[in-house]
Amino acid sequence: MRARAAVRAKHGSRDSGAAAAAIHLGRRRSSRGEELSVASLVARFEGLPVGVLGDLVVDEFVHGEIARVSREAPVLILDFKSSTFTPGGGANAAANLRALGARVQVYGRVGRDEPGRRLLELFEEKRIDRTGIVRDPSYQTPVKTRILAGGAHTSKQQIVRIDRGPMGQALPRAVGRAMLARLRTRVSKPRALLVADYGFGAAPPEILAAVRPQPAILTLDSRFRVLEFHGVTAATPNVAEVEHAFGVRVRDDDPAGLARLGERLRRALGAPAAVITRGSRGMSLFEKERRPLHFAPFGGDEVADVTGAGDTVISAFTLALAAGGTFPQATYLANIAGGLVVMKRGTATVSGKEILRALDQGPPARPER
Ligand SMILES: Nc1ncnc2c1ncn2[C@@H]1O[C@H](COP(=O)(O)OP(=O)(O)OP(=O)(O)O)[C@@H](O)[C@H]1O
Ligand SMILES: [Mg+2]
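Throughout this document, residue positions are counted from 1 along each chain, in the order its sequence is written. Chain letters and ligand numbers both follow the written order, the letters beginning at A and the numbers at 1. For a predicted model such as this one, the threshold for reporting local features is a pLDDT of at least 70, and the threshold for listing and counting side-chain atom pairs is 80 or more; totals across whole chains, interfaces and linings nevertheless cover every residue.

(A) Broad picture of the overall build of the protein. Within the protein, the secondary structure is distributed over 12 helices and 13 strands. Here the radius of gyration uses the C-alpha set of atoms, whereas the globule reference equals 2.2 Å times the residue count to the power 0.38. For a compact globule of 369 residues, the expected C-alpha radius of gyration is about 21 Å, and the protein comes in at 21 Å, within 12% of that figure. Projected onto the principal axes, the alpha-carbon positions of the protein cover approximately 60 × 50 × 40 Å. Relative to its 369 residues, the protein shows a buried fraction of 49%. A separation of at least 24 residues holds for 70% of the contacts in the protein among residues at least 6 apart in sequence. Each helix is a run of H or I in the DSSP string that is no shorter than four residues. Each strand is a run of E no shorter than two, and both are numbered from the N terminus. Here the C-beta atoms are placed from the backbone, and a residue counts as buried if at least 20 other C-beta atoms lie within 10 Å of its own, exposed if 12 or fewer do, and partly exposed otherwise. The contact criterion used is a C-beta to C-beta distance within 7 Å, with each C-beta placed from the backbone.

(B) Region of the structure containing the sheet that holds strand E5 (residues 129-136). Spatially, E5-E4-E1-E8-E9-E10 is the arrangement adopted by the 6 strands of the open sheet, whose pairing is parallel. This sheet does not close on itself; its edge strands, each paired only once, are E5 and strand E10 (234-235). Two strands are counted as paired when DSSP detects at least two bridges linking them. By the bridge criterion, 2 bridges tie strand E9 (residues 217-222) to E10 in an arrangement that is parallel. Bridge pairing in E10 places Thr219 opposite Ala234. The angle between two axes is taken between their N-to-C directions and runs from 0 to 180 degrees, where each axis is a line fitted to C-alpha atoms and a helix contributes only its stretch in contact. Helix-sheet contacts for helix H10 (residues 309-322) involve strand E1 (49-54), strand E8 (192-197) and E9, and the interaxial angle to E9 is about 170°.

(C) Geometry of the sheet that holds strand E12 (residues 283-287). The strand order across the open sheet formed by 3 strands is E11-E12-E13, and the pairing between neighbours is antiparallel. A single partner strand is all that each edge strand has here, and the edge strands are strand E11 (273-277) and strand E13 (293-295). The mean inter-strand angle of the sheet, taken between neighbouring strand axes irrespective of direction, is 15°. Across 5 bridges, the pairing between E11 and E12 is antiparallel.

(D) Expanded view of H10. Multiplying 1.5 Å by the helix residue count minus one yields the expected span of that helix. In this model H10 runs 20 Å from its N-terminal to its C-terminal C-alpha over 14 residues, within 8% of the 20 Å that 1.5 Å per residue would give. The buried fraction of H10 amounts to 14 of the 14 residues, a majority that puts the element mostly inside the structure.

(E) Representation of the environment of Ala240. Mapped onto the fold, Ala240 is located in helix H8 (residues 239-246). On the neighbour-count criterion, Ala240 (13 C-beta atoms within 10 Å) is partly exposed. C-alpha of Ala240 to C-alpha of Ile276: the two residues are 36 residues apart in sequence and 9.3 Å apart in space.

(F) How the structure looks around the site of ligand 1. In this text, near has one meaning. A residue is near a molecule or strand if its C-beta atom, placed using the backbone, is within 6 Å of it. Inspection of the region around ligand 1 gives 19 residues, with Thr277, Ser280, Ala309, Gly310 and Gly338 positioned closest. Elements with a minimum of two residues in the shell around ligand 1: H10 and helix H11 (327-341). The biggest single contributor to the shell around ligand 1 is H10, with 4 residues. Classification convention: Asp, Glu, Lys, Arg as charged; Ala, Val, Leu, Ile, Met, Phe, Trp, Tyr, Cys, Pro as nonpolar; all other residues, Gly among them, as polar. Of the residues contributing to the shell around ligand 1, the split by class is 7 nonpolar, 10 polar and 2 charged.

(G) Spotlight on the nonpolar core. The term nonpolar core means buried Ala, Val, Leu, Ile, Met, Phe, Trp, Tyr and Cys residues held together as one set by C-beta atoms within 7 Å. With 99 residues, the main nonpolar core has Val52, Ala274, Leu319, Ala320, Leu333 and Ala337 as its most contacted residues. Not counting the four nearest positions on each side in its chain, Leu333 is found in contact with Val38, Leu41, Val42, Ala316, Ala320 and Ile355.

(H) The arrangement of the pairing of E5 in detail. Examined bridge by bridge, strand E4 (residues 103-111) and E5 share 6 bridges and lie parallel to one another. Residue Gln105 lies in a different strand from E5, and its bridge partner there is Asp129. If you view a crossover with the strands going away from you and the path from the first strand over the helix to the second runs clockwise, you call it right-handed. In this fold, the crossover linking E4 to E5 by way of helix H5 (residues 114-125) has right-handed handedness.

(I) Up close: the confidence of the model for the protein. Of all residues in the protein, 93% attain a pLDDT of 70 or more, and the chain-wide mean is 90. Confidence of the predictor at the level of single residues is captured by pLDDT, which takes values from 0 to 100. Per-residue pLDDT stays below 50 along residues 1-23; that stretch engages in 37 contacts with residues further than four places along the chain or on separate chains.

(J) Representation of unusual backbone geometry within the structure. The linkage connecting Arg212 with the following residue, Pro213, adopts the cis geometry, with an omega of -10°. Looking at the secondary structure, you find Pro213 in the loop between helix H7 (205-209) and E9. Positive phi values are uncommon outside glycine, yet Arg127 reaches one of about 55°. Within the secondary structure, Arg127 is located in the loop between H5 and E5. At Glu289, a position not held by glycine, the phi torsion is positive, near 55°.

(K) Summary view of the environment of Gly362. Considering the arrangement of structural elements, one finds Gly362 in the segment after helix H12 (352-361). The sequence separation of Gly362 and Phe298 amounts to 64 residues, and the corresponding C-alpha distance is 9.6 Å.

(L) Molecular detail of the packing of H11 against H12. At a closest axis distance of 10 Å, the pairing of H11 and H12 adopts a crossing angle of 100°. Comparing the axis directions of H11 and H12 gives the class roughly perpendicular. For the pair H11 and H12, the contacting residues are Leu333, Ile336, Ala337 and Leu340 in the first and Glu354, Ile355 and Ala358 in the second. Per-class residue counts for the contact of H11 with H12 are 6 nonpolar, no polar and 1 charged. For classification purposes, angles smaller than 35 degrees are called roughly parallel, those larger than 145 roughly antiparallel, those between 65 and 115 roughly perpendicular, and all remaining angles oblique.

Quick look at the structure:
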């Protein structure tokens, strides 16, 4: 909460978050003519049809209590306590959209293996439409296993991660065609399509170009090739991904360098907007012909786990756009959602109610140009 207090002191403002947001974030009107505040956008999340196209991952968390140090090697011996499976990667974006109230349709693939079966089961439990998922016998469903260790009464910390399922597994033509066919034959067309390319091959740029009809809102998170997707509405990479894509480094204390990077990204995507997430420094929005808008991190220093924060961010951002929000409004809400989710353990989600409570109780700082 420190950052928030600091910015408010600087502006000397006592405005409520909603009022501050109205001044800085712009508002659109709904089809019935009412102005859409950020809170009214959240109220419109419920039941909005949104598609997710991308790599579906299983996040496994194994919890162990430290028993002693081994005599075989200088390693900890853990007493196994529990293990949990949660949707990861694009599946986590789907879970986040669902938790925010969206009606979610997932397009992607899973292997004919146990993790694939688990994922389908998780979607079923969460009432996420999984009929767009193709079971591909040549594919190994990716699993990221995080081992967490701690004492009986201390919080557990990740000590190692084991990844299964190689990156870049080829997408057989028939599987890609089946995914596209399922997307095309939807009765209720998704209002937006969120693309989650984690490098496992389900969302190559070619498949996106082949999506017909093109949804009005197309958002992108791509771990390794953000610049290869042209014609999206917006992308939400983290700063390291953009630096890597352009082969440059931007220092934290170089806002002009960040502004140039954001503008380069937006142009490369041919997009009206781009967001760069900046971890503990919040996020920045770059819109065509506007000065960048910087959002201080929401919530402050109570960070529990940053796993999957990027998925929560793109989910809230996409849904806010689908609900009729402006880019600044969508980024504002995404920033709150990101700030809330890092306060939770594991791969977690945030609900619309939690966002509304956050707006009510302690609205975030105004973004700065
Ligand atoms: N340490 C932190 N403190 C406060 N907020 C954070 C922190 N880390 C992440 N966030 C919030 O989550 C958002 C996304 O985080 P980040 O930039 O790390 O994305 P990412 O690297 O894409 O995440 P992912 O690991 O899910 O891919 C940030 O913009 C911020 O709003
Ligand atoms: Mg990310």
